[in-house]
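# Analysis of the macromolecular model
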Amino acid sequence: MNESTAKSSSSSCPGTPSHSQSDSEDLEEPGDEDQSPSGKDDPSTLSIEPQKARPISTFIHTKPGLAVSAPPPPEVFISHTGKRLGSLSSLVSSEALPSNTTILQLGKNRLKGIPKEILGLSKLTHLNLFGNAIEKLPPHFNSFMPALKFLNLAGNKGLGACPLLSLDLSFNKIRLMRENIKYLTNLKALYLSHNKLISVPDQISNLVNLQILVLGHNRLRSLPKSISSLKSLQLFFVQQNKLSWLPPEFGEIPFDVPGCKLKLYKNPLPNRVFEALRCGGASGVARYVNSAEYLKVYQKR
């Protein structure tokens with residue numbers, strides 16, 4: 001539906017003027033940090049594909065406020081790929097796994113779990129565990145590796161649901177989410193704002209326990225129909241993207257818990273969507289996109 005069509009539609013709030021997209025910004029909460037309540041305490045553990053292949057050193061960033069002339073911390077690259085170790089006890093005893101390791105390759109080693117020997121590697125930023133026999137991750141394992149940014153668990157066929165409850169990957173340069181997001185079925189909060197995301201995979205439907213989804217400040221042009229499976233969603237921020245429409249299936253999300261929040265501003269959506277948000281909040285938008293009126297114009301788009 002174009003702008004003129006949206007303006008010609010009758011107001012969803014009788015007796016009130018139509019509000020444009022820019023007007024909806026006044027309805028948003030002050031500030032737009034899109035950060036987790038914990039202050040980004042959660043490490044990044046989801047396998048994410050960067051926008052383009054770059055040397056791994058380019059992913060190592062200095063902290064804000066650090067002098068430009070200060071060099072980044074030295075990388076300590078350790079690789080034990082394909083050695084069929086089964087455990088890491090021998091590496092530790094032989095000092096082949098130094099405590100200042102930052103990049104660790106442990107692919108194809110017949111490991112059945114996250115080795116306890118690596119839990120104390122506080123400087124570890126990259127951990128590659130592909131092609132092992134890992135069946136589950138210990139609860140809160142990532143709290144022992146506070147610097148961890150990249151985790152590869154591809155090819156662990158016995159791996160079931162990941163125990164992570166919250167994942168914050170905001171303020172990166174992520175362009176694509178891999179399909180293996182489907183394993184994060186216990187996740188309750190996912191923060192991916194201020195990236196370069198162009199799409200959301202259908203497999204996000206597996207995140208049935210998700211309550212917080214923050215996708216603001218990306219390049220999304222559409223949302224998958226499978227987003228309707230996120231019945232527990234209470235906070236959904238998708239402002240400052242390129243969304244022209246919401247799928248009608250979005251209306252199947254109940255948003256029936258007090259305090260639900262929805263941010264849509266700075267998207268080229270029909271004005272009637274913003275009117276529904278102004279009048280009825282998140283549940284108002286859900287009702288509108290699930291209505292016959294919206295479905296009619298959506299089919300004509």
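Residues numbered from 1 in each chain as written. Predicted model: local features only at pLDDT ≥ 70, side-chain atom pairs only at ≥ 80, totals over all residues. Heavy atoms only, no water.

### Some thoughts on the pattern of salt bridges
Note the threshold: For this analysis, a salt bridge means a side-chain nitrogen from Lys or Arg found within 4 Å of a carboxyl oxygen belonging to Asp or Glu. Numbering of helices and strands runs from the N terminus; a helix is a DSSP stretch of H or I covering at least four residues, while a strand is a stretch of E covering at least two. Type-normalised accessible area, obtained with a 1.4 Å probe on protein chains alone, sets the label of each residue: buried when under 20%, exposed when over 50%, and partly exposed for intermediate values.
The final tally for this structure, using the stated rule, is three salt bridges. A salt bridge links Lys-231 to Glu-252, with the nearest nitrogen and oxygen atoms 3.7 Å apart. Here the residue Lys-231 occupies a position in the loop between strand S9 (212-214) and strand S10 (235-237), and Glu-252 occupies one in the loop between S10 and strand S11 (261-263), the gap between them amounting to 21 residues. In this structure, Glu-293 engages Arg-272 in a salt bridge whose closest nitrogen and oxygen atoms are separated by 3.0 Å. Highlighted residues: Glu-293 in helix H4 (residues 292-299) and Arg-272 in helix H3 (residues 271-289), separated in sequence by 21 residues. On the accessibility criterion, Glu-293 (33% relative accessible area) is partly exposed. One connected set of salt bridges, linked through shared partners, spans Arg-272, Glu-275 and Glu-293.

### Description of the packing of aromatic side chains
To keep things clear, this is the line we draw: The rule is short: rings of Phe, Tyr and Trp, with Trp giving its six-membered ring, pair when the centres are within 6.5 Å, and they are stacked under 30 degrees, edge-to-face over 60, tilted in between. The rule for a charge over a ring is simple: NZ of Lys or CZ of Arg within 6 Å of the ring centre, and within 35 degrees of the ring normal.
In total, this model carries six aromatic pairs according to the counting rule given. Ring centres of Phe-236 and Phe-250 lie 5.9 Å apart, and the angle between their planes is 35°; this geometry places the pair in the tilted category. Here Phe-250 lies in the loop between S10 and S11 and Phe-236 lies in strand S10, a separation of 14 residues in the sequence. When the ring of Tyr-288 is compared with that of Tyr-294, the centres are 5.3 Å apart and the planes differ by 70°; the resulting orientation is edge-to-face. For the pair Tyr-288 and Tyr-294, one class covers both residues: buried. Through successive ring pairs, a cluster of aromatic residues spans Trp-245, Tyr-288, Tyr-294 and Tyr-298. The ring of Phe-237 has Lys-263 sitting right over it, with the charged end atom 4.4 Å from the ring centre.

### What about a positive patch on the surface?
To be explicit about the condition: Within the patch definition used here, like charges are joined within 9 Å and nonpolar side chains (Val, Leu, Ile, Met, Phe, Trp, Tyr) within 5 Å, considering only residues with over 30% relative accessible area and no salt bridge. Throughout, the Shrake-Rupley method with a 1.4 Å probe supplies accessible areas, and for residues the shown protein chains are the sole cover considered. Positive charge is attributed to Lys and Arg, negative charge to Asp and Glu, and no charge count is given to His or to the chain ends. The location of each charge is read from NZ of Lys, CZ of Arg, CG of Asp or CD of Glu.
There is a patch of like positive charges on the surface, built from Arg-175, Arg-219, Arg-221 and Lys-242. Among the structural elements, Arg-175 can be located in strand S7 (residues 174-177). Overall, the relative accessible area of 32% leaves Arg-175 in the partly exposed class.

### Structural notes on unusual backbone geometry
Positive phi values are uncommon outside glycine, yet Gln-240 reaches one of about 55°. Relative to the helices and strands, Gln-240 resides in the loop between S10 and S11. For Phe-255, which is not glycine, the phi torsion reads 45° and is therefore positive. Considering the arrangement of structural elements, one finds Phe-255 in the loop between S10 and S11.

### Looking at H3
We apply this condition: A helix is expected to span 1.5 Å for every residue after the first. What is called the bend at a residue is the angle between a pair of axes, fitted to the seven residues leading up to and ending at it and to the seven starting from it.
Between its first and last C-alpha atoms H3 spans 12 Å; for 19 residues at 1.5 Å apiece the expected length is 27 Å, and the helix comes up short by more than 12%. In H3, a bend of some 135° at Gly-280 exceeds every other bend along the element.

### A word on the environment of Ile-204
How we decide: In what follows, a contact means two residues having at least one pair of non-hydrogen atoms within 4.5 Å.
Tracing the chain through its elements places Ile-204 in the loop between strand S8 (189-191) and S9. Take Ile-204: its relative accessible area is 1%, and that puts it in the buried class. Expressed as a C-alpha distance, the spacing of Ile-204 and Leu-230, which sit 26 residues apart in the sequence, is 8.3 Å. The contact partners of Ile-204, leaving out residues within four places of it in the chain, are Ile-181, Leu-213, Pro-224, Ser-226 and Leu-230.

### Focus on the nonpolar core
The condition is simple: Here, nonpolar core means buried Ala, Val, Leu, Ile, Met, Phe, Trp, Tyr and Cys residues that are tied together by side-chain atoms lying within 4.5 Å of each other.
Leu-127, Phe-236, Leu-246, Phe-250 and Val-285 are the most contacted members of the largest nonpolar core, which totals 65 residues. Sorting the residues of this core by element identifies S7, H3 and H4 as the ones contributing at least two each. For this core, the element with the most residues is H3, which contributes nine residues. Sequence-distant contacts of Phe-236, that is, excluding residues within four places in its chain, are made with Leu-213, Leu-215, Leu-223, Ile-227, Phe-250, Phe-255, Lys-261, Leu-262 and Lys-263. Among the nonpolar cores identified, the runner-up in size contains five residues, and Ala-189, Tyr-191, Val-214 and Leu-235 belong to it.

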